[in-house]
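These are the residues of each chain, in order.
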Amino acid sequence: MKRALPTADTVKTAIDTVLAEAAARGRRPTVTAIERLLGIPHATFHRHYADLIDTHFRPRIPKLATTRAAPAVDARAETNLSRLRRENTDLRRTLALYEEAIRQLAVENAALRGNGVVVPLPTRTTAPAPP
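Keep in mind the model is a prediction, meaning the values are calculated, not measured.

Novice: Outline the layout of surface pockets, listing residues and values.
Specialist: Volume-wise, the largest pocket comes out at about 170 Å³. Residue lining of the largest pocket: Val18, Glu21, Ala22, Arg25, Arg27, Arg28, Pro29, Thr30, Ala33 and Leu37, and that is the complete set. Elements represented by at least two residues in the lining of the largest pocket include exactly helix H1 (8–25) and helix H2 (31–38). With four residues, the top contributor of residues to the lining of the largest pocket is H1. For the lining of the largest pocket, the residue count by class is five nonpolar, one polar and four charged.

Rendered as structure tokens:
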């Protein structure tokens, strides 16, 4: 049995209630709060009342006040992000070195188990300086 959907006026009243409660609590109003108040699933609410959200709810959401602390947070976040990028690059280099060492050990292990000859690979890309 299908439950009857609320009328547009009932939804507008619920929107007004959610906006007033959010303003009283100093929080941002959400569509989810309207859906909970009406007891309607998310998909059903958007299918039937998307026009009310666009015309009656979104225009009445108060804009967030910008503070002077925001640029400091952005600078700190940017600093943290560049540090994480450097660490990520270092970890990728270390991983590549470990992969190569494991590959060389696997080749040597296979040669030793098969009674083969182990050929030592050079560990430096440049020749050592003469004495």
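Novice: Kindly report on the packing of H1 against helix H3 (residues 42–57), identifying the contributing residues and their values.
Specialist: Running from N to C, H1 and H3 cross one another at 55°; their axes reach a closest spacing of 11 Å. Judged on the interaxial angle alone, H3 and H1 are oblique. Both H1 and H3 take part in a crossing whose hand is right-handed. Between H1, through Ala8, Val11, Lys12, Ile15, Asp16 and Leu19, and H3, the contact on the second element is made entirely by Phe45, Tyr49, Leu52, His56 and Phe57.

Novice: An account of the side chain of Glu35 is requested, with residue identities and associated values reported.
Specialist: Within the secondary structure, Glu35 is located in helix H2. In this structure, Glu35 is buried with no salt-bridge partner, the nearest side chain bearing the opposite charge being Arg36 at 7.1 Å. Every residue in contact with Glu35, bar those within four places of it in the chain, is listed here: Ile40, His42, Phe45 and His46.

Novice: Help me get a handle on H2, residues and values and all.
Specialist: For H2, the set of buried residues is Val31, Ile34, Glu35 and Leu38. One face of H2 carries all of its buried residues, which in axial projection span an arc of 100°. Looking at the packing, one finds that the buried side of H2 touches H1 and H3. Just beyond H2, the residue with positive phi is Gly39, at close to 70°.

Definitions and limits used
Residues numbered from 1 in each chain as written. Predicted model: local features only at pLDDT ≥ 70, side-chain atom pairs only at ≥ 80, totals over all residues. Heavy atoms only, no water. 1 Å grid on protein atoms, 1.4 Å probe; cavity = no way out; pocket = protein on both sides within 12 Å on 5 of 7 lines; lining within 4 Å. Points joined across faces, edges and corners; volume = space filled by probe spheres on them. Helix = DSSP H or I, 4+ residues; strand = E, 2+ residues; numbered from the N terminus. Nonpolar A, V, L, I, M, F, W, Y, C, P; charged D, E, K, R; others polar. Axes fitted to C-alpha atoms, helices over the stretch in contact; angles between N-to-C directions. Parallel < 35°, antiparallel > 145°, perpendicular 65-115°, else oblique. Left-handed = near helix turned anticlockwise from the far one by under 90°. Contact = heavy atoms within 4.5 Å. Buried < 20%, exposed > 50% of the residue type's maximum accessible area, 1.4 Å probe, protein only. Lys, Arg positive; Asp, Glu negative; His and termini not counted. Salt bridge = Lys/Arg side-chain N within 4 Å of Asp/Glu carboxyl O. Arc of directions from axis to C-beta.

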